[in-house]
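# Residue-level structural notes
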Amino acid sequence: HKDLLEISQLDPDEIAHIFETAARFAEVNQRPIKKVPILKGKSVVLFFAEASTRTKTSFDMAGKRLSADTFSLTKSGSSLQKGESLKDTALTLQAMNPDAIVIRHWDSGAARFLAERLDCSIINAGDGWHAHPTQALLDGFTLHQVWGSFAGKTVCILGDVAHSRVARSDVELLTMLGARVRICAPRTLLPAMVQTWPVEVFSDVAKACEGVDAVICLRLQLERQQAGLLPDLREYACTYGLSPRHLEKAKADVKIMHPGPMNRGLEIASELADCGASLVLDQVASGVAVRMTLLHLYLTRARISA
Ligand code: CP
């Protein structure tokens, strides 16, 4: 494929290759001099119509560490603010002949819209509620670095699944790699399609965490809640915010993850976010290595071919 729009475009062999390459880039990222000349002369546009700290910075850092030129465009600093359409914005960017556009947009399908119209590689950095494939790859890579294999592992995804593109992409990736996946959420925050997913669905957090090897907490997406359906935040924190009591029957070496940004004390107890079992900052570090890998693969078509 020329584009990375969702996890289903990849197969387990391609994901294994991404993890192997990312492990090598993770080592490069530990060196005093981290820059390598692999993408010298290539240009990457970071088109972020929605806010981002981790994804945007790590793609920028990834591109620069590979010696590509990166150019940032955000909603507030672009002509989207003046009402320019996504199509015209895309055609304008295309006319500058970049090698890739990394796009984050509030519309599910925005990345595909660009991919179908532009010649350069499109990498989906999160589109609406649909997909966040690079987050799933970095989550999978983080766990792979700890476990080596997903066979026999159970992962619980906890929280606002309905509005979470991370949950959708994580379910696709983790099940493809052989993990069992549980979803735990209040009924109002489960997507209608959840019955068609290859997951077990829970509403009780302690039960959902029994015997699990990892819990991925999701951000309560306050900005995407439908009018009148916003849960009572104190009740949500008490019932669905991950706390040590929920993990009493989890595996002794359970790992705790969160894609960020975290609402501490709402979907995750602060002490868990900072404890030895937390992989939250490992996920961030993995993000740079995984995004270096993806830019390398998609800009040189080294292995993932059309
Ligand atoms: N996980 C994630 O996508 O974080 P940002 O919104 O900060 O990029």
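Keep in mind that this is a model prediction, so the values were computed, not measured.

Bringing the pairing of strand S1 (residues 43–48) into the picture now. Taken across its 6 residues, S1 has 5 buried, putting it largely inside the fold. Where S1 lies against strand S2 (residues 69–74), 6 bridges are found, and the strand directions are parallel. By the bridge assignment, Phe 48 is partnered in S2 with Thr 74. For the crossover that starts at S1, traverses helix H2 (residues 54–65) and ends in the parallel S2, the hand is right-handed. Across 5 bridges, S1 lies against strand S3 (residues 100–105) in parallel orientation. The residue of S3 that forms the bridge with Phe 47 is Ile 103.

Another aspect to go through is the UniProt feature "domain: Aspartate/ornithine carbamoyltransferase carbamoyl-P binding" (unreviewed entry) in the chain. Under the feature "domain: Aspartate/ornithine carbamoyltransferase carbamoyl-P binding" (unreviewed entry), the UniProt entry names residues 2–144. For residues 2–144, the end-to-end C-alpha separation is 26 Å, with 40% helix and 17% strand making up the annotated structure.

What follows concerns the packing of helix H5 (residues 133–147) against helix H10 (residues 280–300). Relative to each other, H5 and H10 sit at 115°, their axes nearing to 8 Å. Crossing hand, H5 versus H10: right-handed. Contacts from Thr 134, Leu 137, Leu 138, Asp 139, Phe 141 and Thr 142 in H5 reach Asp 282, Gln 283, Ser 286, Gly 287, Val 290, Arg 291 and Leu 294 in H10. Grouping the constituent residues of the contact of H5 with H10 by class yields 5 nonpolar, 5 polar and 3 charged.

What follows is about the pairing of strand S5 (residues 154–158). With 5 of 5 residues buried, S5 is to be regarded as a mostly interior element. By the alternation rule, side chains of S5 split into Thr 154, Cys 156 and Leu 158 and Val 155 and Ile 157, which are all buried. The parallel pair S5 and strand S6 (residues 180–184), bridged by helix H6 (residues 165–176), forms a crossover whose chirality is right-handed. Sheet topology note: the S5/strand S8 (residues 214–217) ladder contains 4 bridges and is parallel. Among the inter-strand pairings, Leu 158 is bridged to a residue of S8, identified as Cys 217.

Glancing now at the nonpolar core. With 86 residues, the main nonpolar core has Ile 101, Val 102, Ile 157, Leu 158, Val 215 and Leu 295 as its most contacted residues. Take this core: its biggest share by element is 8 residues, from H10. Each of domain 1 (7–130 + 287–300) and domain 2 (133–283) gives at least three residues to this core.

Pairing between the strands of a sheet comes from backbone hydrogen bonds, and it takes one of two forms, parallel or antiparallel. Spatially, S2-S1-S3-S4 is the arrangement adopted by the 4 strands of the open sheet, whose pairing is parallel. Of all the strands in the sheet, just S2 and strand S4 (121–127) have a single pairing partner and so form its edges. The mean inter-strand angle of the sheet, taken between neighbouring strand axes irrespective of direction, is 15°. By the bridge criterion, 5 bridges tie S3 to S4 in an arrangement that is parallel. Across the sheet, Ile 101 pairs through a bridge with Ile 122, a residue of S4. On top of the sheet, H2 reaches S1, S2, S3 and S4; it is set at about 175° to S1, its chief contact.

The next point concerns the UniProt feature "binding site: carbamoyl phosphate" (unreviewed entry) in the chain. This chain's UniProt record puts "binding site: carbamoyl phosphate" (unreviewed entry) on Arg 54, Thr 55, Arg 104, His 132, Gln 135, Gly 260 and Pro 261. Looking at the secondary structure, you find His 132 in the loop between S4 and H5. Leaving out residues up to four positions away in the same chain, His 132 has contacts with Gly 126, Arg 165, Val 166 and Ser 169. Position of Pro 261 relative to the elements: it lies in the loop between strand S9 (255–257) and helix H9 (270–273). Once residues within four sequence positions are removed from consideration, Pro 261 is found in contact with Thr 53 and Arg 219.

Rules of the game
As a convention, each chain's residues are numbered from 1 in the sequence order in which they are written. Under the rules for a predicted model, residues below a pLDDT of 70 receive no local features and side-chain atom pairs below 80 are neither given nor counted, while totals for whole chains, interfaces and linings still include all residues. With C-beta atoms placed from the backbone, a residue counts as buried when 20 or more other C-beta atoms lie within 10 Å of its own, as exposed when 12 or fewer do, and as partly exposed for counts between those limits. A run of H or I in DSSP counts as a helix once it spans at least four residues, and a run of E counts as a strand once it spans at least two, with each numbered from the N terminus. In this scheme, strands are said to pair when DSSP sees at least two bridges between them. If the strands point away from the viewer and the path from the first strand over the helix to the second runs clockwise, then the crossover is right-handed. UniProt positions are given in the numbering used here, feature names are shortened, and annotations may be inferred rather than shown by experiment. Axes, fitted as lines to C-alpha atoms, cover a helix only where it is in contact. Angles between the N-to-C directions of the axes lie from 0 to 180 degrees. Note on convention: near helix rotated counterclockwise from far helix by under a right angle means a left-handed crossing. Clockwise means right-handed. A residue pair is marked as a contact if its C-beta atoms, positioned from the backbone, fall within 7 Å. Note on residue categories: nonpolar means Ala, Val, Leu, Ile, Met, Phe, Trp, Tyr, Cys or Pro, charged means Asp, Glu, Lys or Arg, and polar means any other residue, Gly included. Put simply, a nonpolar core is buried Ala, Val, Leu, Ile, Met, Phe, Trp, Tyr and Cys residues tied into one set by C-beta atoms within 7 Å. Note that the domain bounds reflect an automated or database-derived domain assignment.

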